[in-house]
Amino acid sequence: MSSSLAANGDMLVILRHAPHGSSWLREGLDAALVAAAFGQRVSLLFQGDGIMALVPGQEPGALGQKGTAATLDMLAMYDIESFYADASALDRFDMAPDDLQLPSLPVDGATIAQLIASHRLVLTF
Amino acid sequence: MSSSLAANGDMLVILRHAPHGSSWLREGLDAALVAAAFGQRVSLLFQGDGIMALVPGQEPGALGQKGTAATLDMLAMYDIESFYADASALDRFDMAPDDLQLPSLPVDGATIAQLIASHRLVLTF
Amino acid sequence: MRYGLLVQGAPYSSQASHSALRFATALIARGHQLECVFFYHDGVYNASRLAAPPQDEPHLVDAWRGLNAGHGTQLQVCIAAALRRGLLDERESARHGKTGHSIEPPFELTGLGQLVDLGNQVDRLVTFAP
Amino acid sequence: MRYGLLVQGAPYSSQASHSALRFATALIARGHQLECVFFYHDGVYNASRLAAPPQDEPHLVDAWRGLNAGHGTQLQVCIAAALRRGLLDERESARHGKTGHSIEPPFELTGLGQLVDLGNQVDRLVTFAP
Amino acid sequence: MILHILNRSPGTSLVYRDTLSAMGPEDRLLLIEDGVLGALTSQVRHFQSVEGRLFALREDLASRGLEGRCDETVQVVDVDGFVTLTEEADKTVSWF
Amino acid sequence: MILHILNRSPGTSLVYRDTLSAMGPEDRLLLIEDGVLGALTSQVRHFQSVEGRLFALREDLASRGLEGRCDETVQVVDVDGFVTLTEEADKTVSWF
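Every value quoted in this text rests on a predicted model; they were computed, and no experiment measured them.

Calculation notes
Residues numbered from 1 in each chain as written. Chains lettered and ligands numbered in written order. Predicted model: local features only at pLDDT ≥ 70, side-chain atom pairs only at ≥ 80, totals over all residues. Heavy atoms only, no water. Helix = DSSP H or I, 4+ residues; strand = E, 2+ residues; numbered from the N terminus. Rg over C-alpha atoms; globule rule 2.2 N^0.38 Å. Buried < 20%, exposed > 50% of the residue type's maximum accessible area, 1.4 Å probe, protein only. Contact = heavy atoms within 4.5 Å. Areas by Shrake-Rupley, 256 points an atom, 1.4 Å probe, with all protein chains shown as cover. Lys, Arg positive; Asp, Glu negative; His and termini not counted. Charge placed at Lys NZ, Arg CZ, Asp CG, Glu CD. Phe/Tyr/Trp six-rings, centres within 6.5 Å; stacked < 30°, edge-to-face > 60°. Pairing = 2+ DSSP bridges. Axes fitted to C-alpha atoms, helices over the stretch in contact; angles between N-to-C directions. Parallel < 35°, antiparallel > 145°, perpendicular 65-115°, else oblique. Nonpolar A, V, L, I, M, F, W, Y, C, P; charged D, E, K, R; others polar. Buried area = accessible area lost by both parts, 1.4 Å probe. Salt bridge = Lys/Arg side-chain N within 4 Å of Asp/Glu carboxyl O. Polar contact = N/O pair within 3.5 Å; in protein donor to acceptor, adjacent residues only side chain to side chain.

What about the overall build of chain E?
1) Next: What chain E contains, in helices and strands, is three helices and five strands.
2) Next: The C-alpha atoms of chain E give a radius of gyration of 12 Å, which matches the 12 Å a tight globule of 96 residues would have.
3) Next: Taking the principal axes of the C-alpha coordinates as reference, chain E spans close to 30 × 30 × 20 Å.
4) Next: For chain E, with 96 residues in total, the buried portion stands at 70%.
5) Next: Across chain E, contacts joining residues at least 24 apart in sequence account for 68% of those joining residues at least 6 apart.
6) Next: Accessible surface, chain E: about 3000 Å² in total, of which carbon and sulfur atoms supply 43%.
7) Next: Of note, chain E has its 9 positive side-chain charges centred 7 Å away from the centre of its 16 negative side-chain charges.

Structure (structure tokens):
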């Protein structure tokens, strides 16, 4: 959680909503993918209930809704490789950093503040 | 807060949202008014942030949005006269029961449970 | 038993519509009667005949229509909540000087009184909210 | 300074549109330039040409139009978020085999890339969410 | 018996407090949608006061990859079980 | 300096916790919409860690009848002041 790990970049997308319950997470990931496709250096921060996006073994919804797990696998193709996970949320939900669908760096509040400061644009979803 | 004060009725409308921030409160009050106009015995429970509906001195919004204070004055015309206010929310926001736009009976959780049990239909907004 | 559903969430934005449709299918499969789905608050957006979701996602408006066609469930939309949100049938469109409409049968614009009636008529009214 | 707004809340359901319009008016009055309002998530519902609010309430769609007419602010609507929610212009309506449309100029359907461009172009991008 | 239905995560929303305080001694609570996050072993302490009367919807746990993380004190029901709960209840109250 | 904008009441939503923890030592917090409930004297303790950097929007207090209940440690600004805050900030982050 050292502050030196807080990357610079063009856009930080903060994902605060769990999958399936709303479209926030999916629409936030879409914004990140498009920004990356437009050549922006994009970092993702999974915060609060948003860390539920990183739970392995997600499935489509009962009516066939796609969910977001498949989208996460596409991020690397778009050169999005900076993933951060809110350490306090990981703690709260008792999730181990090595048990996430994406390798994500746990970050504390001070590091989150630095991430926000070091990206030109910050979008929350 | 005695349990004997929990009225019977056809419909209990639980209002949990503050004025102006969303349309929940207004649309909940509309449902209560229409039910009363259809001859239902309606009770209102202001709970959580919903007790903000009872703050005196509310105004229209910055763009002229009407808010809900004027609607509260219409309730008596529709014979809606059972008003309850979540005592824990009053405490939390330091609101005195005699400083509310509508005379509302403060109720604790047990009384709220009885209100829910004693009304045939319960709608939350 | 006779059921009614009150749907208050917009489709594609919250899970409310999905949950309500899933619940509707299950209660019908168990032999109950689903009298009516009443759409209020952002739930009125479920009635838009113009919705064009991606083909690999569930088409919620069609799913509601199917509930009406297969089971006779009424699909009632609160008119006050709908008009301000741009959901109009042909009659309301004309009345407001608009060209074009966004609601068509089996969805019907009705007043909140229908929700009150529904509540009195059914054994269970279940709310799905965003 | 050059500003952009990102609006994510449905009109009449949350205060987001009201707050954004109020902020837009104030920043223009202070001599800033409002380049564009980008509508995403439920914000796309702000673009519905069929909205018919009661006459004693603010007409938000007209207020957005006024911002375009009076100040040249672009009104861009995310096409992916819009189509699934039933917001289509004439071209998309035809493309999806629908009759009628719910979006017309000055609102324009655009891709999320325009939001990225906007973020790069302006000095401040302010989000109003539900 | 009244069936209370909660669709909010205790990690984000405080509505669960009002829900619990409004529940009678026989009432049941069903967690659905984002509400199933409350059924996780790490969260279920928020619902201690209704232990034995706490349910969570299987489909919503499964789609989120959470079936294996659901606390064993929570009764997991599928959507048929959801219907059954509404049959057995006098009425339902939705909290959001 | 970054301007954080919060539109949720601390009586309902826990998002304020994440907002506060993500704020740098010079950052400012503006409460708008339902967020102004956090500016009340009865609620402002939630925002102790940013005392002196806490703002609330006058119009949103006024429409709710809350101008007189706003804590004196909160700096009340009108919408012009809101614009000024965005001018002075490097960027804004909205929390909801």
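With respect to the packing of aromatic side chains
1) Next: Applying the stated criterion across every chain, the model contains 19 aromatic pairs over all chains.
2) Next: Measuring from ring centre to ring centre gives 5.9 Å for B:Phe125 and C:Tyr40, while their planes differ by 90°; the resulting arrangement is edge-to-face. One end of the pair, B:Phe125, is in the segment after β5 (119-124); the other, C:Tyr40, is in the loop between β2 (33-39) and α2 (60-71), on a second chain. Summarising the burial analysis for this pair, B:Phe125 and C:Tyr40 share the class buried.
3) Next: In this structure an aromatic cluster arises from ring pairing among C:Tyr3, C:Phe23, C:Phe128 and E:Phe82.

Overview of the sheet that holds strand β1 (residues 9-15) of chain B
Residue and element names in this part refer to chain B.
1) Next: Strand order in this open sheet of five strands is β4-β3-β2-β1-β5, and the pairing throughout is parallel. Edge positions in the open sheet fall to β4 (105-107) and β5, since each of these has one partner strand only. Mean inter-strand twist for the sheet, computed between neighbouring axes without regard to direction, equals 25°.
2) Next: In this sheet, strand β3 (residues 82-86) lies alongside strand β2 (residues 42-46) in parallel orientation, the contact comprising four bridges. When the bridges of β3 are listed, Leu44 appears paired with Phe83.
3) Next: Contacts from helix α4 (residues 109-118) reach β1, β2, β3, β4 and β5, with the element oriented near 115° to β5.

Description of the packing of helix α1 (residues 16-29) of chain D against helix α3 (residues 79-88) of chain F
The geometry of a pair of packed helices is captured by two quantities: the angle between their axes and the separation between those axes.
1) Next: In contact at an axis separation of 9 Å, α1(D) and α3(F) are set at 75° when each is read in the N-to-C sense. Relative to α3(F), the element α1(D) lies roughly perpendicular. Across the interface between the two elements, D:Arg22, D:Phe23, D:Ala26 and D:Leu27 from α1(D) touch F:Val79, F:Asp80, F:Phe82, F:Val83 and F:Thr86 from α3(F).
2) Next: A class-by-class count of the residues in the contact of α1(D) with α3(F) yields six nonpolar, one polar and two charged.

A closer look at the interface of chain E and chain A
1) Next: Taken together, the contacts link 14 residues of chain E with 18 residues of chain A.
2) Next: Buried surface at the junction of chain E and chain A, both sides included, amounts to about 1300 Å², of which 53% is carbon and sulfur.
3) Next: Summed over the three residues of chain E that lose the most area to chain A, namely E:Ser63, E:Arg64 and E:Arg69, the buried surface amounts to 37% of that side.
4) Next: At the junction of chain E and chain A, the tally comes to one salt bridge.
5) Next: Its salt-bridge partner being E:Arg69, residue A:Asp99 comes within 2.8 Å of it at the nearest N-O pair.
6) Next: Here chain E and chain A share eight residue pairs in polar contact (both at pLDDT 80 or more) between them.

So, the interface of chain D and chain C
1) Next: Tallying the contact residues gives 26 residues for chain D and 26 residues for chain C.
2) Next: Both sides of the chain D and chain C interface together cover about 2100 Å² of buried area, and 50% of this is carbon and sulfur.
3) Next: The largest contributions to the chain D side of the interface with chain C come from D:Leu50, D:Ala52 and D:Arg84, which together make up 32% of the buried area.
4) Next: Here chain D is connected to chain C by two salt bridges.
5) Next: Inspection of the chain D/chain C interface yields 14 residue pairs in polar contact (both at pLDDT 80 or more).
6) Next: Taken together, the residues that form the side of chain D that touches chain C break down as eleven nonpolar, nine polar and six charged.

Regarding unusual backbone geometry
Most of the time, phi is negative for any residue but glycine, and the peptide bond is trans.
1) Next: Residue C:Pro106 is bonded to the preceding C:Pro105 through a cis peptide linkage, with omega at 10°.
2) Next: The residue A:His20 is not glycine, and still its phi comes out positive at about 75°.
3) Next: Tracing the backbone through its elements, the reader meets A:His20 in the loop between β1 (9-15) and α1 (24-37).
4) Next: Overall, A:His20 belongs to the buried group, its relative accessible area being 13%.

Let's talk about the sheet that holds β2(C)
Residue and element names in this part refer to chain C.
1) Next: In spatial order, the strands read β4-β3-β2-β1-β5; together these five strands make up an open sheet with parallel pairing. Because the sheet does not close on itself, it has two edges, and the strands there are β4 (107-110) and β5 (124-128). Sheet twist, expressed as the average angle between the axes of neighbouring strands with direction ignored, equals 25°.
2) Next: Summarising the sheet, strand β1 (residues 2-7) and β2 pair through six bridges and their orientation is parallel. Paired with Leu5 across the bridge in β2 is Val37.
3) Next: Sheet strands touched by α2: β1, β2, β3 (74-78) and β4. Its angle to β2, the strand with the most contacts, is close to 145°.
4) Next: The strands touched by helix α5 (residues 113-121) within the sheet are β1, β2, β3, β4 and β5, with β2 carrying the most contacts at an inclination of about 155°.

Quick notes on the side chain of D:Ser13
1) Next: Along the chain, D:Ser13 turns up in the loop between β1 (2-7) and α1.
2) Next: A polar contact of 3.1 Å, which involves the side chain of D:Ser13, links it to the side chain of C:Arg85.
3) Next: Once residues lying within four places of it in the same chain are set aside, the contact partners of D:Ser13 are B:Ser22, B:Ser23, C:His41, C:Asp42 and C:Arg85.

Taken by themselves, the reported measurements are silent on function.
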